[in-house]
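# An overview of the molecular structure
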Amino acid sequence: QVQLVESGGGLVQAGESLRLSCAFSGRTFSTYGMGWFRQAPGKEREFVAAICRSTDTAYYADSVKARFTITRDNAKNTLNVQLNSLKPEDTAVYYCVARRSGGSRCATQYGTNRYWDVWGQGTQVTVSS
């Protein structure tokens, strides 16, 4: 019953910024871990960032840690990621992901797409050189 709808993607030049948002509905937002994955054409889906309830900590892929910031707004039931200093290699479809919290699995499993059981449809980010 959980639904995720991404927005905010677009076409930008290298060095510019975008802010992606994910609207959550259907369940209690505060009880879910949330994150972002991305998939570039011809490549495997890869982890970008996540927030686990068990640790209340943001986790990032090494390739984006210095440039991206993930946040959640519990009052608005939204997950956001600020994408700064974008590079052409950031071009991909960005997916919002969610999984209901329970135990401590998220803290060690957030980096694999198999952990997350709810996925949005994705939003396209294209970065030109």
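This text gives an overview of the structure that appears in the document. (Residues numbered from 1 in each chain as written. Predicted model: local features only at pLDDT ≥ 70, side-chain atom pairs only at ≥ 80, totals over all residues. Heavy atoms only, no water.)

## Some points on the sheet that holds strand β1 (residues 3–7)
Selection rule: At least two bridges found by DSSP between two strands are what make those strands a pair. Each helix is a run of DSSP H or I of at least 4 residues and each strand a run of E of at least 2, with the numbering of both proceeding from the N terminus. A fitted line through C-alpha atoms represents every axis, and for helices the fit uses only the stretch in contact; the resulting angles, taken between N-to-C directions, go from 0 to 180 degrees.
Across the sheet, 4 strands lie side by side as β1-β3-β8-β7; this open sheet has antiparallel pairing. Looking along the sheet, the strands with just one partner apiece sit at the ends: β1 and β7 (68–73). Averaged over all adjacent pairs, the angle separating strand axes in this sheet is 15°, with direction ignored. Summarising the sheet, strand β3 (residues 18–25) and strand β8 (residues 78–83) pair through 6 bridges and their orientation is antiparallel.

## Details of the packing of aromatic side chains
As a reminder of what qualifies: In summary, the pairing rule links any two rings of Phe, Tyr or Trp, Trp by its six-membered ring, whose centres are within 6.5 Å, and it sorts them by plane angle into stacked for under 30 degrees, edge-to-face for over 60 and tilted for everything else. Residue exposure (1.4 Å probe, protein chains only): buried if accessible area is under 20% of the type maximum, exposed if over 50%, otherwise partly exposed. A ring is scored as having a charge over it whenever the NZ atom of a lysine or the CZ atom of an arginine sits within 6 Å of its centre and within 35 degrees of its normal.
Using the criterion set out here, one finds 8 aromatic pairs in the structure. Look at F37 and F47: their rings are 5.6 Å apart centre to centre, the planes differ by 70°, and that puts the pair in the edge-to-face class. Residue F37 is found in strand β4 (residues 32–39), and its partner F47 is found in strand β5 (residues 46–52); the two are separated by 10 residues along the sequence. F47 matches F37 in its accessibility class, with the two residues each being buried. Summarising the aromatic geometry, the rings of F37 and W119 are spaced 5.3 Å apart at their centres and angled 50° between planes, so their arrangement reads as tilted. Of this pair, F37 sits in strand β4 while W119 is found in strand β10 (residues 118–119), placing the two residues 82 residues apart along the sequence. With a relative accessible area of 25%, W119 lands in the partly exposed category. The ring of Y95 has R45 lying over it, and the distance from NZ or CZ to the ring centre is 4.1 Å. Above the ring of Y115, the side-chain terminus of R99 is found at 4.7 Å from the ring centroid.

## Some points on empty space enclosed by the protein
The cut-off we apply is this: A cavity here means a set of points on a 1 Å grid, drawn over the protein atoms and nothing else, where a 1.4 Å probe fits but cannot get out; a pocket is an open set with protein on both sides within 12 Å along at least five of seven lines, and a residue lines either one if it has an atom within 4 Å of a point. Grid points are joined across faces, edges and corners, and a volume is the space filled by probe spheres set on the points.
All told, the structure shown has 1 cavity of 30 Å³ or more when counted by the stated rule. Forming the boundary of the largest cavity are G33, C52, R53, S54, R99, S101, G102, G103, R105, C106 and Y115.

## Let's talk about the pairing of β3
In β3, alternate side chains face the same way, and those of L18, L20, C22 and F24 are buried while those of R19, S21, A23 and S25 on the opposite face are not. Note that β1 and β3 share 5 bridges and pair antiparallel. Opposite S7, over in β3, you have S21 as the bridge partner.

## Observations concerning the nonpolar core
Rules: As used in this record, nonpolar core signifies buried Ala, Val, Leu, Ile, Met, Phe, Trp, Tyr and Cys residues forming a set joined through side-chain atoms within 4.5 Å. Note on contacts: a residue pair is in contact if any heavy atoms of the two residues lie within 4.5 Å.
Among the nonpolar cores identified, the biggest contains 41 residues, and L4, M34, W36, L83 and Y94 are the most heavily contacted of them. Listing elements by their share of this core, those giving two or more residues are β3, β4, β5, β6 (57–60), β7, β8, β9 (92–100) and β11 (123–128). Counting residues per element, this core draws most heavily on β5, at 6 residues. Excluding anything up to four places from it in sequence, L83 contacts E16, S17, L18, L20, R67, F68, Y94 and V125.

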